[in-house]
Amino acid sequence: MDKWYNKSGNEGDVVISTRIRFARNLKEYPFPCRLNDETKCKVAALVKDAILNGNSALASRFEYIQMPELTQEEAVSLVERHLVSPEFISDRQGRGLLLLDDESVSVMINEEDHIRIQVMHQGLDLAAAYDIADKIDTLLDERLNFAFNDKLGYLTQCPTNLGTGMRASLMLHLPGLQQSKAMNRIASTLSKLGLVLRGMYGEGSEPKGALYQLSNQVTLGISEEQAMSNLRDVALQLVAQEREARNNLTKNIEVVDAISRSYGLSRYARLMSNEECMKLLSNIRFGIATGIIDKIDFDIINRLMIETQPATLMKNVGKKLSPSERDRIRADVVRSTMLKTNIPNNRRLEN
Amino acid sequence: MLCQSCGQNQATTHIKTIINGELAEVNLCRECAQKLGYNSFFGNFGMDFDKFLGSLMGGNESRTLKSRKRCNCCGSTFEDIAKSGKVGCANCYDIFYDELLPSIQRIHGKTVHIGKLAKSAGSEVKMKSTLAKLKEELTAAIKEQEFEKAAKLRDQIKELEAKG
Ligand SMILES: [Zn+2]
Ligand SMILES: [Zn+2]
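A brief report on the enclosed structure follows. In this text, all values refer to a predicted model and were calculated from it rather than measured experimentally. (Residues numbered from 1 in each chain as written. Chains lettered and ligands numbered in written order. Predicted model: local features only at pLDDT ≥ 70, side-chain atom pairs only at ≥ 80, totals over all residues. Heavy atoms only, no water.)

**Focus on the coordination of the zinc ion (ligand 1)**
All names here are of chain B. Put simply, the rule reads: Only N, O and S atoms count as donors, using a 2.8 Å cut-off from the metal and 3.2 Å for Na, K and Ca, and because water is excluded some sites may appear unfinished. Square planar and octahedral sites, with four and six donors, are those where opposite donors lie more than 155 degrees apart and all other angles lie between 65 and 115, tetrahedral sites have four donors with every angle between 85 and 135 degrees, and the rest are irregular. Strands are runs of DSSP state E lasting at least two residues, helices are runs of H or I lasting at least four, and both sets are numbered from the N terminus onward. Only protein chains enter the accessibility calculation, which uses a 1.4 Å probe; a residue is then buried when its area is under 20% of its type maximum, exposed when over 50%, and partly exposed in between.
Every protein donor of the zinc ion (ligand 1) is listed here as C3 (SG), C6 (SG), C29 (SG) and C32 (SG), and their distances to the metal cover 2.2 to 2.3 Å. Coordination at the zinc ion (ligand 1) comes from four donor atoms whose angles at the metal span 101 to 119°, giving a geometry best classed as tetrahedral. Between consecutive donors of the zinc ion (ligand 1), the numbers of intervening residues give the motif C-x2-C-x22-C-x2-C. Highlighted residues: C6 in the segment before strand 1 (13-19) and C32 in helix 1 (residues 30-35), separated in sequence by 26 residues. A residue is classified by how much of its surface remains accessible, and C32, at 6% relative accessible area, is buried.

**Overview of the packing of aromatic side chains**
Note on aromatic pairs: each is described by the distance of the centres and the angle between the planes. Residue and element names in this part refer to chain A. Threshold: Side-chain rings of Phe, Tyr and Trp, where Trp is taken by its six-membered ring, are said to pair if the distance between their centres is within 6.5 Å; with planes under 30 degrees apart they count as stacked, over 60 as edge-to-face, and otherwise as tilted. Any Lys NZ or Arg CZ that is within 6 Å of a ring centre and within 35 degrees of that ring's normal is treated as a charge sitting over the ring.
In total, this model carries four aromatic pairs over all chains according to the counting rule given. Grouping aromatic residues by their ring pairs yields a cluster made of F146, F148 and Y154. The lysine or arginine in question, K295, covers the ring of F298, its NZ or CZ lying 5.3 Å from the ring centre.

**Re helix 8 (residues 253-268) of chain A**
All names here are of chain A. Here is the rule: Here a helix's expected span is defined as the number of its residues, less one, multiplied by 1.5 Å. The arc in question is the one traced by the directions running from the helix axis out to the C-beta atoms. Contacts between residues were defined by any pair of non-hydrogen atoms, one from each residue, lying within 4.5 Å.
With 16 residues, helix 8 extends 22 Å from end C-alpha to end C-alpha; this agrees with the ideal 22 Å at 1.5 Å per step. Those residues of helix 8 lying buried are V255, V256, I259, S262, Y263, S266 and R267. On an axial view of helix 8, the arc spanned by its buried residues comes to 130°, and they lie on one face. The exposed set on the far side of helix 8, more than 90 degrees from its buried face, consists of I253, E254, R261 and Y268. Looking at the buried side of helix 8, the elements it contacts are helix 5 (175-179), helix 7 (224-249), helix 9 (274-289) and helix 12 (323-340).

**A word on the layout of surface pockets**
The condition that has to hold: Buriedness of a pocket was judged along seven lines, with at least five required to meet protein on both sides within 12 Å; pockets are open sets of points on a 1 Å grid over the protein atoms alone, cavities are sets where a 1.4 Å probe fits but cannot get out, and lining residues have an atom within 4 Å of a point. Grid points are joined across faces, edges and corners, and a volume is the space filled by probe spheres set on the points. Note on residue categories: nonpolar means Ala, Val, Leu, Ile, Met, Phe, Trp, Tyr, Cys or Pro, charged means Asp, Glu, Lys or Arg, and polar means any other residue, Gly included.
Computed from the structure, the second largest pocket encloses a volume of approximately 610 Å³. As for the second largest pocket, its lining consists of 22 residues, of which I114(B), G115(B), K116(B), S129(B) and A132(B) are closest to the centre. Looking at the lining of the second largest pocket, the elements with two or more residues in it are helix 7 of chain A together with helix 7 (123-143) of chain B. In terms of residue class, the lining of the second largest pocket is made up of seven nonpolar, five polar and 10 charged.

**Quick look at empty space enclosed by the protein**
If a probe as big as a water molecule is rolled over the atoms, it shows which places are left empty. Residue and element names in this part refer to chain A. Considering all chains together, one arrives at two cavities of 30 Å³ or more under this definition. Here the second largest cavity defines a volume of roughly 30 Å³. Around the second largest cavity, the lining residues are I51, S56, F62, I136 and L139. Considered class by class, the residues forming the lining of the second largest cavity number four nonpolar, one polar and no charged.

**With respect to the interface of chain B and chain A**
To keep things clear, this is the line we draw: Each of two parts loses accessible area, computed with a 1.4 Å probe, when they are put together; buried area is these two losses added. We define a salt bridge as a side-chain nitrogen of Lys or Arg found within 4 Å of a carboxyl oxygen belonging to Asp or Glu. Polar contacts here mean pairs of N or O atoms no more than 3.5 Å apart (in protein, one a potential hydrogen donor and the other a potential acceptor; neighbouring residues in sequence count only if both atoms are side-chain atoms).
On the chain A side, the residues contacting the 43 residues of chain B number 57 residues. For the chain B face of the interface with chain A, the top three residues by lost area are Y93(B), H108(B) and K116(B), together amounting to 17%. Between chain B and chain A we count four salt bridges in total. D80(B) is the salt-bridge partner of R34(A), the closest N and O atoms lying 3.6 Å from each other. Remark: the boundary between chain B and chain A carries 22 residue pairs in polar contact (both at pLDDT 80 or more). Put simply, the parts of the chain that give the side of chain B that touches chain A at least two residues each are strand 1, strand 2 (22-28), helix 2 (41-57), helix 5 (92-95) and helix 6 (97-108) of chain B. Looking at the side of chain B that touches chain A, the element that brings in the most residues is helix 6 of chain B, giving four residues. Broken down by class, the residue content of the side of chain B that touches chain A amounts to 21 nonpolar, 15 polar and seven charged.

**Concerning the packing of helix 1 (residues 37-52) of chain A against helix 4 (residues 126-143) of chain A**
Residue and element names in this part refer to chain A. Condition: For helices, the fitted line uses only the C-alpha atoms of the stretch in contact; every axis is such a line through C-alpha atoms, and the angle between N-to-C directions lies from 0 to 180 degrees. Left-handed is the label given to a crossing in which the near helix is rotated counterclockwise from the far helix by less than a right angle, and right-handed is the label when the rotation is clockwise.
Relative to each other, helix 1 and helix 4 sit at 115°, their axes nearing to 9 Å. Judged by the twist between their axes, the crossing of helix 1 over helix 4 is right-handed. Of the residues in helix 4, those in contact with V47, D49, A50 and I51 of helix 1 are I136, L139, L140 and R143. By residue class, the composition of the contact of helix 1 with helix 4 is six nonpolar, no polar and two charged.

**Quick notes on unusual backbone geometry**
With a phi angle near 65°, H82(A) is a residue other than glycine that sits in the positive phi range. Following the sequence through the fold, H82(A) ends up in the loop between helix 2 (72-80) and helix 3 (86-90).

**As for the coordination of the zinc ion (ligand 2)**
For a metal with four donors in a tetrahedral arrangement, the ideal angle between donors is 109.5 degrees, while six donors in an octahedron ideally sit at 90 or 180 degrees. Residues and elements named next belong to chain B. For the zinc ion (ligand 2), the full set of protein donor atoms is C71 (SG), C74 (SG), C89 (SG) and C92 (SG), at a range of 2.3 Å. All donors of the zinc ion (ligand 2) come from a single chain, and their spacing in sequence reads C-x2-C-x14-C-x2-C. Residue C74 is found in the loop between helix 3 (63-68) and helix 4 (78-84), and its partner C89 is found in the loop between helix 4 and helix 5; the two are separated by 15 residues along the sequence. Under the relative-accessibility criterion, C74 is labelled buried at 14%. On the basis of relative accessibility, which here comes to 1%, the residue C89 falls in the buried class.

**Regarding the side chain of T341(A)**
Residue and element names in this part refer to chain A. Summarising the element assignment, T341 is placed in the loop between helix 12 and helix 13 (343-350). Accessibility expressed as a relative area gives 7% for T341, which makes it buried. At 2.5 Å, the side chain of T341 and the backbone oxygen of M338 are in polar contact. Setting aside residues no more than four positions away along its own chain, T341 makes contact with Y263, R267, I296 and I300.

Written out as structure tokens, the structure is:
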């Protein structure tokens, strides 16, 4: 089954992926922070049964994972693949995960809330991702009793999620705006619009790989449709600004040089740290989008950005690796993938 | 513990994250957390709780009664919720509605839900939501000059309103 991150979608030069997440709780049980492991397992069994034996075409495509049974690398890799939150793997007792075969849908059980439904799609694709989350939610609502209050909407452990309980997020690649030092200004403007822009990797002013997450912050008193429409409008403006920033930057030979060197290194380096790798891949993505590097599908870069993360690297090799072994294998993975993308040159010869 | 972003203020928000394949915790002060887009509900709650206590210190008669109030479902007091930043159960929202409302208002700017309803929602809310949707469809139908559809929608709306 092809994973969602092996594809690229609408506005794929800037928007890597769309995520819709619903927070839901069962009326009959206190929130997970107030449950012992035994009761957590009861809740997990109820949710698992509701999905796997529910009347859904997707039911047979879900796998149930008992979180305590995973190795640490497998657990961290789930976070690196954006399937679960870091919080979810920090204490795995009593927690379960339902995962769709293409990894586009995950249902976290007993994270902060009893149920977190999450749908990931490539590119900008809010409506379609929402549609799937909505269907799974309706199915669960039929078989379980959700905690719901006519005034406050869906009740959640943290009041920041009250109301719709929906968080819609877009993963954005913003090297142009980052290098133009525009991020602080943009982030503060967005907070006034009820949106949050946050670095995906690292909390500093320059997140690794220039990857950012844009999400709605307000969930009460605003419908799902309105929240998504606001997010989409702002995202499209950011996409336009990012493209303009990229075009301006590529007039600078130093920027073009950095992109070209990154491409070269990706094809020939033998050791590569995680940090260097993210920087190179970000530069290459930037280069593809602006035509400096021959056309390579964005999905190849999207996939490498995930596959070269430390825990996912170890999970794929099937054993624990020292940091220096990881740097070697990471370089191997990137090199072999990038050398295979030699096709554009051949195409050019054929033309 | 100092904030890892500014290195100046006391860290109050602790965020789990993955750094180089390892689970780690980032510690931030209230300002930096907000700047980085993390809702520091702990901070907000603390403020409300201080205010709440302050009003009790004013010699309010109901002081002991109020501060001892416990959720009969999960056993939380408002102090438990304020200190941990975690609401204990669905029932807590009924028991501590008045105490929680100022924080909810501050975070969301609104206090009444609009959007999808669970099956357990009250019939009045369900009716209101159906009406709102039909009216939206009606506006759209008129705009698109689909008059036959609009007439049908208008009848449906009248029927529902008569029932209510
Ligand atoms: Zn700080
Ligand atoms: Zn309670």
